Amino acid sequence: MALTLYRQYRPTTFSALFGQDTARTILQNALNQDRLSHAYLFSGPRGTGKTTTARILARAATCEHPVTKEKKGASVFEPCNTCASCVAQLQDQAPDIVEIDAASNRGIEDIRQLREQAHYLPLSLKKKVYIIDEVHMLTSDAFNALLKTLEEPPKHCVFILATTELHKVPATIRSRCQLIRFERGSVESISAKLDHIVASSGWEAEEGVTKLIAEHAQGGFRDAETLLEQLGTRFAPLTLKKCIDALGITDADQVEQLFEAVQKGSLTETRLALTAIEVNDQHRCEMLMTELIERTRAKIYTSPAPTEEQLIHLTGGLTFLLEGFVLIKGSPHPKLVLESTCYEIAASGQKGIRADAAPILEDSHPAAPATEERITLPATPAPAAPRVVKEAISVTPEPVREPKAPVVELRESPVRDVRQAWKEMIKAVGRDSAPMAQMLREAVIHTAEDFIITVHIKYKFHVEKLSEKKHRTRVEGLLEQITHDKWIVDYQLKDTLPRRSPAKEITAATAEAAAAVFGATA
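> Please clarify how the overall build of the protein should be interpreted in this entry.
The secondary structure content of the protein amounts to 21 helices and twelve strands. Every one of the 522 residues in the protein was classed for burial, and the buried ones make up 40%. Excluding contacts between residues fewer than 6 apart, the proportion of contacts in the protein whose partners are at least 24 apart in sequence is 72%. On the protein, roughly 30700 Å² of surface is accessible, and the fraction owed to carbon and sulfur atoms is 53%.

Take a look at the structure:
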């Protein structure tokens, strides 16, 4: 059975690693100076070569005839890949090299077994090497068991931990390891590796195809190689047009037209641009939203620098796009989220234009100074006969008053079913902000007691956004307008609350009855 591309072209030496110069330099210097640490922690995004580098390091640390040479003024240390130790590891037949997948072996018993075996001397190699992949998946008890081994490791053992989520690894573990960060691959480094694979495989690829795949892979070498294999198996030869269609990439001219229409604040042009773009599935909508985010960010840092008003509009639009990108991932109608986000930005651009005009009107009619002094205006003769002399007029300006809180206008007939009131509130919010309405629509009412509505929300980002003062005031004000009662909304993550069977109907009468029990008035 043929190997997949990313396994077939997996690097076997440090020099074959693409885009990880810092990690390569640190490890080769440690090997050259015989200062290999007892524990390393490799951290970085998926598909950037953490496990591959761990295997190369294991071979280099146990190689019988390592290759050392000078290259560009620096010492290079490489495994020979020909000795018995290297060959055994390349064939996955070295018992002293132990790879553990922490995602499936995450319990304390698995780590206890590791601790017991680590004390035994290696069977055939110079060292025992333990590679623990996805180490952040270990339980807290397993981490505590591993900690003891890392504190007092056997001299013949080297531990290499790999993770994509460094923040989930306890600080006690991190402090006992030498941390090496793996960066996302650049478009140039990924494209160079893909060019090497295409040439070695004998495929035909149009110029620019590998760069297009590299841009689509978002910094992951393995993702890029998987995409190349998928496209190379499907198309022969590989052309730009075929790859663009298969990857769901929107035409650059269409994206530019949509971006310009949104930034201009033209709802009509935005509608025409969205109509011309055919995006229906979630993947294509995410790709288009990513394109708009990248173009907005590039516009912010363009030269010459945007004006203050333009920056306000661009940064506001970037916020809308980021919120929309989050909503697309969980929405059953991703295209609707994309369209509403674009209309929201365009509409905000129109508001910004109107806001810019306000100071001009104010300057043409300057207001009277708000002071406590008496102001006497001189008599002004009338332009026409008969001549009338006006007396001096004394004007005392009124003191500046603090703005009062907005008055909530209650509707004539209140809604007593809280769930129905919640739905009407979402409709009202949707007139001002489609992203906020979508967040509220995905929320689930858990309880409504003592005029407190507890709401389950799946994502932490949504909880933080809805809990902001301006959004909370808006939601609670609308609920008061609809129900004639003052409700407080408590947003909580779904996983942090116990499950309860929902009531058939939650009404304000329930809250009034509860208030009566405690002697309160609803």
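On we go from here.
> Can you help me understand the nonpolar core in this one?
General note: in soluble globular proteins, nonpolar side chains tend to be found buried as a group. Counting 52 residues, the largest nonpolar core has Leu258, Leu338, Trp422, Met425, Leu440, Leu479 and Tyr491 as the members making the most contacts within it. The dominant element in this core, judged by the number of residues it contributes, is helix 17 (residues 418-430), at seven residues. In this structure, Leu440 is in contact with Trp422, Met425, Ile426, Val429, Leu466, Val475 and Tyr491, ignoring residues within four places of it in sequence.

> Sorry if this is basic, but what is going on with the sheet that holds strand 6 (residues 157-163) here?
Strand pairing within a sheet occurs via backbone hydrogen bonds; the two strands may be parallel or antiparallel. The five strands are arranged 4-5-6-1-7 in an open sheet whose pairing can be described as parallel. Either end of the sheet is taken by a strand with one partner, and the two such strands are strand 4 (97-101) and strand 7 (178-181). Strand-to-strand, the axes of this sheet are offset by a mean angle of 15°, without reference to chain direction. Packed onto the sheet, helix 3 (residues 50-62) meets strand 1 (39-43), strand 4, strand 5 (128-133) and strand 6 and runs at close to 155° relative to strand 1. Contacting strand 4, strand 5 and strand 6, helix 5 (residues 108-118) crosses the sheet at an angle of about 165° to strand 5.

> What is the right way to look at the side chain of Gln263 in this model?
The topology assignment puts Gln263 in helix 12 (residues 252-264). Residue classification places Gln263 among the buried residues on the basis of a relative accessible area of 17%. Leave out the neighbours within four places in its chain, and Gln263 touches Thr296, His313 and Leu314.

> Before we go on, may I ask you to explain the packing of helix 8 (residues 187-201) against helix 10 (residues 221-234) in this structure?
Helix packing geometry: the angle between the two helix axes and the distance between the axes. Running from N to C, helix 8 and helix 10 point in directions that differ by 40°, and their axes come no closer than 10 Å. Classified by the interaxial angle, the pair formed by helix 8 and helix 10 is oblique. Crossing hand, helix 8 versus helix 10: right-handed. Residues Ser189, Ile190, Lys193, Leu194, Ile197 and Val198 of helix 8 pack against Phe221, Ala224, Glu225 and Leu228 of helix 10. For the contact of helix 8 with helix 10, the class distribution of residues is seven nonpolar, one polar and two charged.

> What is the right way to read the confidence of the model for the protein from this model?
In low-pLDDT segments, the atomic positions of the prediction should not be examined closely. On average, the protein scores 81 in pLDDT, and the residues at 70 or more come to 81%. Contacts of residues 352-383 to residues separated by more than four positions or lying in other chains number 23 contacts, the stretch itself having pLDDT below 50. Counted against residues more than four places away or in other chains, residues 388-395, with its pLDDT under 50, gives 15 contacts.

> What's the story with the pairing of strand 10 (residues 444-449) in this structure? I'm lost.
On any regular strand, side chains alternate: one points to one face of the sheet, the next to the other face. When strand 10 meets strand 11 (residues 452-457), the two strands line up antiparallel, connected through five bridges. By the bridge assignment for strand 11, Val444 is matched with His456. In this structure, the hairpin formed by strand 10 and strand 11 is closed by a connection of two residues, where Asp450 is found at a positive phi of approximately 55°.

Conventions we followed
- Residues numbered from 1 in each chain as written.
- Predicted model: local features only at pLDDT ≥ 70, side-chain atom pairs only at ≥ 80, totals over all residues.
- Heavy atoms only, no water.
- Helix = DSSP H or I, 4+ residues; strand = E, 2+ residues; numbered from the N terminus.
- Buried < 20%, exposed > 50% of the residue type's maximum accessible area, 1.4 Å probe, protein only.
- Contact = heavy atoms within 4.5 Å.
- Areas by Shrake-Rupley, 256 points an atom, 1.4 Å probe, with all protein chains shown as cover.
- Core = buried A, V, L, I, M, F, W, Y, C linked by side-chain atoms within 4.5 Å.
- Pairing = 2+ DSSP bridges.
- Axes fitted to C-alpha atoms, helices over the stretch in contact; angles between N-to-C directions.
- Parallel < 35°, antiparallel > 145°, perpendicular 65-115°, else oblique.
- Left-handed = near helix turned anticlockwise from the far one by under 90°.
- Nonpolar A, V, L, I, M, F, W, Y, C, P; charged D, E, K, R; others polar.
- pLDDT = per-residue confidence, 0-100.

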